[in-house]
Amino acid sequence: MSELLMAEQEIQTPLHAQMNQLPGEGPRAESPLYHADLTSIANHGPVDGSVHLQELALLGHLVLRGSPQNESFVTGFAQVMGFALPGPMQSAETGDASVRWIAPDEWLLIVPGSEAFSLEKRLREVISGHYSIANVSGGQTVLVLAGRDAVNVLKKSTGYDLHDSNFPVGKVVTTTFAKASAVIRRIGPQKWELVVRRSFSDYLWLWLQDASAEYGLIVRG
Amino acid sequence: MHHNSMTQQNRLQTGGRINRSRPLSFKYNGTSYPGFEGDTLASALLANGVDVVGRSFKYSRPRGIIAAGADEPNAVLQLGATEATQVPNVRATQQELFDGLVSTSTNGWPSTDNDMMSYIGKVGGRMMPPGFYYKTFMYPQSLWDTYEKFIRKAAGLGRSPVENDPDIYDQLNQHTDVMVVGAGPAGLSAALSAGRTGARVILADEQAEFGGMLLHSDEKINGKPAAEWVASVTKELRAMDNVMLLPRSTVNGYHDHNFLTIHERRTDHLADLAPKGQVRQRMHRVRAGWVVLATGAIERPLVYGNNDVPGCMLASAVSTYIKRYAVVPGNELVVMTTSDRGYKSAFDWQDAGRKVVAIVDTRAEPSGACVVEAQKRGLKVIKGSAVIEVKGSKRVSGAVIASIDASGNKVTGNVRRLSCDTVASAGGWSPAVHLSCHAGSRPDWRDDIQAFVPGKTVQKQLTAGAVNGSYSLVVCLEEGARRGVLAAANAGFGDQSDELVEVALVDEVKEGPTMTLFHIPHTKSTSRAPKQFVDYQTDVTAAGIEVATREGYESIEHVKRYTAMGFGTDQGKLGNINGMAIAAKSMNKTIPETGTTIFRPNYTPITFGAIAGRNCGELFDPKRYSAMHRWHLENGAKFEDVGQWKRPWYFPQPGESMQDSLNRECKAVRDSAGILDASTLGKIDIQGKDAREFLGRVYSNAWAKLGVGKCRYGLMCGEDGMVFDDGVTACLADNHFVMTTTTGGAARVLEWLELYHQTEWPEMEVYFNTVTDHWSTLTISGPNSRKLLAELTDDIDLSKDSFKFMDWKAGTVAGVPARVFRISFTGELSFEVNVQANYGMYVWEKVFEVGAKYNLTPYGTETMHVLRAEKGFIIAGQDTDGSVTPIDLGMSWCVANKKPFSYIGKRGMAREDCVKENRKQLVGLKTKNPQLVIPEGSQAVADPKQPIPMTMLGHVTSSYYSACLNHSIAMGFVRGGLSRMGETVYYPQPDGSVIEAEVCSPIFLDPEGARQNV
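A quick note: this is a predicted structure, and the numbers were derived from the prediction, not measured.

Here we come to the overall build of chain A. Broken down by element type, chain A carries 6 helices and 11 strands. Taking 221 residues into account, the globule formula puts the C-alpha radius of gyration at 17 Å, and chain A, at 19 Å, falls close to it. Each principal axis of the C-alpha distribution contributes one length, and for chain A these read about 60 × 45 × 30 Å. Out of the 221 residues in chain A, the part that is buried amounts to 46%. Residue pairs in contact within chain A that sit at least 24 positions apart in sequence constitute 67% of those at least 6 positions apart.

For the bond from P601(B) to N602(B), the omega torsion is 5 degrees, close enough to zero to count as cis. Mapped onto the secondary structure, N602(B) falls in the loop between α15 (591-594) and α16 (608-612). Cis geometry is adopted by the peptide bond preceding P949(B), which originates at I948(B) and carries an omega value of 0 degrees. Although it is not a glycine, D37(A) adopts a positive phi angle of roughly 50 degrees. In this fold, D37(A) is placed in the loop between α1 (3-12) and α2 (38-44).

What follows deals with the nonpolar core. Residues V178(B), V180(B), V292(B), V334(B) and V387(B) are the most contacted members of the largest nonpolar core, which totals 175 residues. For V387(B), the residues in contact, after removing those within four places along its chain, are Y304(B), V334(B), M336(B), V360(B), A399(B), V400(B), I401(B), V423(B) and I520(B). One finds V51(A), L208(A), F825(B) and V884(B) within the second-largest nonpolar core, a separate group that totals 159 residues.

With that settled, the discussion passes to the sheet that holds strand β4 (residues 97-103) of chain A. Residues and elements named next belong to chain A. Here we have 5 strands laid out as an open sheet, ordered β3-β4-β5-β2-β6, and antiparallel in their pairing. Two strands lie at the open edges of the sheet, namely β3 (91-94) and β6 (131-135), each paired on one side alone. Looking at each pair of strands side by side, their axes are set apart by 20 degrees on average, direction ignored. Direction of pairing for β3 relative to β4: antiparallel, over a ladder of 4 bridges. In the strand pairing of β4, A92 is matched with V99. Helix α4 (residues 116-126) contacts β2 (60-66), β5 (106-111) and β6 of the sheet and is inclined by roughly 170 degrees relative to β6.

Take the interface of chain A and chain B next. Each partner contributes to the interface: chain A provides 47 residues, whereas chain B provides 47 residues. Listing elements by their share of the side of chain A that touches chain B, those giving two or more residues are β2, β6, α5 (150-157) and α6 (201-212) of chain A. Its residues assigned to classes, the side of chain A that touches chain B shows 18 nonpolar, 17 polar and 12 charged.

Turning next to the pairing of strand β21 (residues 385-391) of chain B. Looking along a regular strand, one sees side chains alternate from face to face of the sheet. Residue and element names in this part refer to chain B. Of all the 7 residues making up β21, 6 are buried; the element is thus mostly covered by neighbouring parts of the structure. As judged from the 6 bridges shared by β21 and strand β22 (residues 398-404), these two strands associate in the antiparallel manner. Each bridged residue has a counterpart across the sheet, and for K391 the counterpart in β22 is G398.

Residues and elements named next belong to chain B. Burial analysis of β22 places 6 of its 7 residues in the buried class, the great majority of the element. If you look at the hairpin formed by β21 and β22, you'll find 6 residues sitting between the two strands, and G392 has a positive phi there, around 115 degrees. As defined by bridge partners, β22 adjoins strand β23 (residues 411-419) across 6 bridges and the pair is classed as antiparallel. When the sheet's bridge partners are listed, I401 is paired in β23 with R416. Counted between consecutive antiparallel strands, the loop separating β22 from β23 contains 6 residues, among which G408 sits at a positive phi close to 80 degrees.

All names here are of chain B. Structurally, E791 is set in the loop between α21 (785-790) and β40 (808-813). Exposure remark for E791: the 15 C-beta atoms within 10 Å place this residue in the partly exposed category. It is 57 Å that separates the C-alpha atoms of E791 and A610, two residues lying 181 residues apart in sequence.

This next bit is on the sheet that holds strand β41 (residues 816-821) of chain B. Within a beta sheet, neighbouring strands are joined by backbone hydrogen bonds and run either parallel or antiparallel to one another. All names here are of chain B. Spatially, β40-β41-β42-β39-β33-β43 is the arrangement adopted by the 6 strands of the open sheet, whose pairing is mixed. Looking along the sheet, the strands with just one partner apiece sit at the ends: β40 and β43 (857-858). Lying on the sheet, helix α22 (residues 840-851) is in contact with β33 (674-677), β39 (775-781), β40, β41 and β42 (830-836); it crosses β39 at an angle near 15 degrees.

The next thing to look at is the confidence of the model for chain A. Low-pLDDT stretches of the model should not have their predicted coordinates read in fine detail. Model confidence for chain A is summarised by a mean pLDDT of 94, while 94% of its residues fall at 70 or above. Predicted confidence for residues 1-11 of chain A stays below pLDDT 50, and this span has 4 contacts to residues more than four positions away or in other chains.

Our next topic: the environment of A970(B). Residues and elements named next belong to chain B. Among the secondary structure elements, A970 is positioned in strand β47 (residues 967-975). Taking the C-beta count within 10 Å as the criterion, A970 has 28 such neighbours and is therefore assigned buried. If near-sequence neighbours (up to four positions away) are discounted, A970 is found in contact with L925, I934, V956, S958, S959 and A997.

The next point concerns the packing of helix α7 (residues 315-325) of chain B against helix α8 (residues 341-351) of chain B. All names here are of chain B. Put simply, α7 and α8 touch, their axes get as near as 8 Å, and they point 30 degrees apart. Crossing handedness for the pair α7 and α8: left-handed. Each of A315, V318, S319, I322 and K323 in α7 lies in contact with α8, whose residues at this interface are R341, G342, K344, S345, D348 and W349. When its residues are assigned to classes, the contact of α7 with α8 shows 4 nonpolar, 3 polar and 4 charged.

Rules of the game
Residues numbered from 1 in each chain as written. Chains lettered and ligands numbered in written order. Predicted model: local features only at pLDDT ≥ 70, side-chain atom pairs only at ≥ 80, totals over all residues. Helix = DSSP H or I, 4+ residues; strand = E, 2+ residues; numbered from the N terminus. Rg over C-alpha atoms; globule rule 2.2 N^0.38 Å. Buried ≥ 20, exposed ≤ 12 C-beta atoms within 10 Å, placed from the backbone. Contact = placed C-beta atoms within 7 Å. Core = buried A, V, L, I, M, F, W, Y, C linked by C-beta atoms within 7 Å. Pairing = 2+ DSSP bridges. Axes fitted to C-alpha atoms, helices over the stretch in contact; angles between N-to-C directions. Nonpolar A, V, L, I, M, F, W, Y, C, P; charged D, E, K, R; others polar. pLDDT = per-residue confidence, 0-100. Left-handed = near helix turned anticlockwise from the far one by under 90°.

Written out as structure tokens, the structure is:
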């Protein structure tokens, strides 16, 4: 089926609602930790400490659901993104796009905020069969926790084993984090990425400040 | 009692592991005393000659320090210099001394030295027979209340602070391949050999220094003092990246699946209050591959008359105080021993320059090397004899010695009195099997060592050293090394090769055989002899145990509960085995026949702070916020908890009462326009070709014909046909829907959908994703809502004919892409604007910029409740309680029984009870007095004069004052309510008044729906 024909068919009987949810220039976007004013803390806050925290705000988050047996889903993803969907508990990335395995039929793709809609469109153009794509960009945010004692902050927060032997760079788990949950990905020897829900982000921000107090927390802008 | 506070009269000039260059000062019961860095509170008290540290539980007898570790039953003190830093239940033997430490005894009333209770106690003992604790369970509750107050007051094991604890306690999750519990010789060896394989190892010990008994031992390892070996092993371990060392850390619980809880005291040795920024105590939650228990053994005291008088101590504790702390806890010592072990304490005492009165050996013909040494040292050894009783009350003043028969059951004569102030007893060792019992394993009795050792276990557990009954140093070291290698190999590290097992060279001392003896006989029968204490903390005596068995309590578990043996905060560490032996003897059974009780977590008491960790105060429970929360705060909202969400409840203006605010907010919505933050409602994105069919199966109503662009209300029922959630679902595209749920039900509904998809209908092609947090939802409601919204959009046709009730449209609002749903929970013309949550606040503010001229009024959940109740709309969870069907709610219009496939709840609703006449049905209730609001929960009755118990017809679920209607409104269940329209029901109130109400339709306002269809 040509792309044109497929697009025409979708206009006739839309199977999925697609919507560019981003406005043009003008409207102010507030990430889940906007109220915490991390930029000011980064500029004027403490500079000593062995835990670093940064919010990667306003990125594009797409939840992809599909069966690994759906060839169109697997190859379609690789075709659009230029890399394959990772296997269980793994992640993959190229440039500023990264994807995390969440569950046997679920992945989380994170891209620059402005690219979420166009990527969703392109993925929908090439994938057929049973799958879903949900834009959840407004519903979560990315925190990067780094530094020598980042691992200790994580030990206070999650029961998962973070040791090199069990949690090498690139691995991903979705698990409990304090009394909320987080997608935890190791992105460096002393660097971890947390994807957290918007509504829990203030709680987790308080939790992380508290858990890192004994080591010193440096907020990065 | 007056002490010369500067002398430390029992302190030696040399020796020990204390730091004499760091003098410290501390307080006990208001008096200042000196001590040294390296002391425990107990060693410092003994150094200063403090004999009495508490009063006993039942008899209020003066008690002194017996032990030197976790087994101490008496020296349980209250710590804290200020109210906020009070810590109860601290064993002085485990509390390191720091400068400025403030401690008080806890059992004393009014003071420990001169205690009024002791007079009562002498009489009170008769009022409190051994079965007091147990028998009261059989008494009526009211009586127990009285007993409890008395017992608590008398027991007084400390008190909680009444101010907030300013210190920080936290928890850390740990994972390890090998967990070694205890850093004595066996534990150190195990950790070292496991660590050398590269396995992850955690080594925890309750003491400040690793080494266990080696810290006060004269033995040599590889020709060097044992302490040097400890230092070199500790140094090697510290250098290993894969090894974590946790001193001052008690492994208090060994739970199922090799999960252990460790209580680390990080600053309790430094000061009353943790240094700024430091965590006082930390709970380590450890998941271990394999565990090596090297928990050691606890010395058993012998049970003899008045064995609780201060000055009666464990022989091993006497040695510990002398060798480790340079404190000799008395002047004239009598040692009673059943083995060679007691001799060592006498030698240490003599070496410290104090007088050894006699070594009383219960064995008729002791033969070990130490007997020879005693003779060489010129010490008096009295063979075949025992201390049957001591004299004194606040301090031992003498020991009554008698010869005993070879079985140890009878005094054979030759009774005499020796003058002394200290009696040390050595009754053999009880392996510290506590942790091995925590997951349910019962310990095994070993006749050869007359002790229980860890039994068969389902845990991945090994044991090494004294806990295993291996008491000789060389065996401890080798066993530790081998178990460490094995544990690592089991966890996947190393190949169990002998190369890793370093065999240390130790000079072995030949020991003679030990005599089996627990309970020392007296010239009088046990019941008439002076009290022979078994469990010091709960005042259980040998006579009491005999009474228990005489009364027919044959199971050791029953004996325990009858006497309260082992019920103290020390869990009977000293007393349990003696108690079992006495029970066995009095029943003419062996100890293994009698059996043993098992231990539960925690090994030693733990603070609530460590259990709670950081889950307190602000962090006790997550608070969830919408994207507009800052606006709500700035505009004075009062908040209501809905699940974990903080939702605006109402927005009071200065001077308004809550009812004033509600009246104003309600009227604004009905007269012009109001706005509600509805972002917290659950939102589930549903995609797939079977999405529509799936909806038809989980909702009670029909979904087959819902067109793209349309919304529909649905009721969700359990298999029992009872409503559990509701909400509006919109058709976004043929294969794409978005479902809304109640705020509190969002997670449950998503799980429900997944459960049915994954377990019942996996063939259906559908995916569910939560988008609750992704969309901000702004509900603009009121007759002016269309006009208001029109000012913010130029691409959505809001006209009545184009954008009908229950339609949704996409477009932009304030320049932000939005999905707008024309649905209404207020009965007014209403638009729910959904925008990506990062823009929620921006759009909210823009709505207010244009809203001023419409008197746009923010309203909260309480106003929403009133507005919807005026329309008779239910709230799932408030008007439903898991026992009502859609029919009971008067919502049969929301049930479609003709769907080709069944739906969840259809069969449940058809059950006999669900279709019978006269079920409780939801109706409206209009009070006869329009100003009276029936309290929610009030019970309906037909005849208010009926005697109690009255026949109750139902209850009120929602009740408010409606400012728009100028009268109160309510919804509630009434039996057969739908056929009682116009009848009067009565709501009796706790104050005796009765509120009359007429049964009516729950739709109080605009029953035709004219207001929302404009």
